[in-house]
Amino acid sequence: DGGITQSPKYLFRKEGQNVTLSCEQNLNHDAMYWYRQDPGQGLRLIYYSQIVNDFQKGDIAEGYSVSREKKESFPLTVTSAQKNPTAFYLCASRPTYRRSDGNEQFFGPGTRLTVL
Amino acid sequence: AQSVAQPEDQVNVAEGNPLTVKCTYSVSGNPYLFWYVQYPNRGLQFLLKYITGDNLVKGSYGFEAEFNKSQTSFHLKKPSALVSDSALYFCAVRVRGGATNKLIFGTGTLLAVQP
């Protein structure tokens, strides 16, 4: 899983609670991404950030929030507004040197969130 | 709309036989194409990518893929399957020069290699 860490590995949340998932990378990558994975649906993009202090909504941003205060860190908050948060959450990063958009993304090991 | 299709939810193959995992794409522009593998409860691992040049791309663990522009396909292949190849495989596409650099993923194909 390279130099990307996600914590915790497993997270349990009660309904109505906000929780924050951590994603840290030591690869010096500018771009970072959050995906949600559900069985049979592949990966869906929640938020992404191409540079520090900037981020954009992905395809399923409702009920989630992010921040990008440091290059190394891109935490994801799952709010109580997210109606069906139980899923496997994956963080990824990508180098953007040489302005090449052909570089692949590197993924963290994931966090499995379960709402009780 | 840009999309990636992996028509098979599961592929079964005997150990030692060749394997193919299919992927077709639809994009408005020239694509970058990727294959990733995921083992249970783990993140995705990069296998290989097509950027430009030779249509046959070789990647990790003996896998290769062939870019076919006319058929808009990027099938993953391996000449001789191993039991340890059993995993979930994802195809993904990004449009060259796209404003967002977003990856579009297929829904995944579960590869089961029987001993």
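Just above sits the structure.
Here is a short report on the structure shown in this document. All values reported here derive from a predicted model rather than from experimental measurement.

This part is about the pairing of strand β6 (residues 44-50) of chain B. Residue and element names in this part refer to chain B. Bridge count between strand β5 (residues 31-38) and β6: 6 bridges; the pairing is antiparallel. Across the sheet, the residue bridging to F34 is K49, located in β6. Hairpin connection between β5 and β6: a loop of 5 residues separates the two successive antiparallel strands, and N41 in this loop has a positive phi of roughly 55°.

Right, let's get into the interface of chain A and chain B. With 25 residues of chain A at the interface, the matching set in chain B holds 26 residues. Summed over both sides, the interface between chain A and chain B buries roughly 2000 Å², with carbon and sulfur atoms accounting for 44% of that surface. Counting the contacts that link chain A with chain B gives 2 salt bridges. Salt-bridge contacts for A:D59 lead to B:K102; the nearest nitrogen and oxygen are separated by 3.1 Å. Linking chain A with chain B are 6 residue pairs in polar contact (both at pLDDT 80 or more), by the criterion used here. Of all the elements in the fold, those that place two or more residues in the side of chain A that touches chain B are β4 (31-37), β5 (43-51) and β9 (87-94) of chain A. Per element, the largest residue contribution to the side of chain A that touches chain B is 4 residues, and it comes from β5(A).

Counting across every chain of the model gives 2 disulfides over all chains. Between the sulfur of A:C23 and that of A:C91 lies a disulfide, 1.9 Å long from S to S. Taking the sign of the S-S torsion, about -70° here, the bridge from A:C23 to A:C91 comes out left-handed. Of this pair, A:C23 sits in strand β3 (residues 19-25) while A:C91 is found in strand β9, placing the two residues 68 residues apart along the sequence. For the pair A:C23 and A:C91, one class covers both residues: buried. Here B:C23 pairs with B:C91 through a disulfide, and the sulfurs are 2.0 Å apart. The sign of the -65° torsion about the S-S bond sets the B:C23-B:C91 disulfide as left-handed.

Residue and element names in this part refer to chain B. Assignment of secondary structure puts H75 in strand β9 (residues 73-78). Here C23 takes part through its backbone nitrogen, which lies 3.0 Å from a polar atom of the side chain of H75. Those residues within four positions of H75 in sequence are excluded, and the remaining contacts are T20, V21, K22, C23, T24, W35, E64, A65 and E66.

Inspection of every chain in the model, using the stated rule, returns 15 aromatic pairs over all chains. Considering the side-chain rings of A:Y64 and A:Y89, the 5.9 Å spacing of their centres and the 65° angle between planes classify their relative orientation as edge-to-face. One end of the pair, A:Y64, is in strand β7 (residues 64-66); the other, A:Y89, is in strand β9, with 25 residues separating them in the sequence. Taken as a pair, A:Y64 and A:Y89 share a single burial class, namely buried. The interplanar angle of 20° and the centroid separation of 6.3 Å between the aromatic rings of B:Y25 and B:F67 together place this pair among those described as stacked. Within this pair, whereas B:Y25 is found in strand β4 (residues 24-26), its partner B:F67 is found in strand β8 (residues 64-68), the two being separated by 42 residues in sequence.

Calculation criteria
Residues numbered from 1 in each chain as written. Chains lettered and ligands numbered in written order. Predicted model: local features only at pLDDT ≥ 70, side-chain atom pairs only at ≥ 80, totals over all residues. Heavy atoms only, no water. Pairing = 2+ DSSP bridges. Helix = DSSP H or I, 4+ residues; strand = E, 2+ residues; numbered from the N terminus. Contact = heavy atoms within 4.5 Å. Buried area = accessible area lost by both parts, 1.4 Å probe. Salt bridge = Lys/Arg side-chain N within 4 Å of Asp/Glu carboxyl O. Polar contact = N/O pair within 3.5 Å; in protein donor to acceptor, adjacent residues only side chain to side chain. Disulfide = S-S within 2.5 Å. Buried < 20%, exposed > 50% of the residue type's maximum accessible area, 1.4 Å probe, protein only. Phe/Tyr/Trp six-rings, centres within 6.5 Å; stacked < 30°, edge-to-face > 60°.

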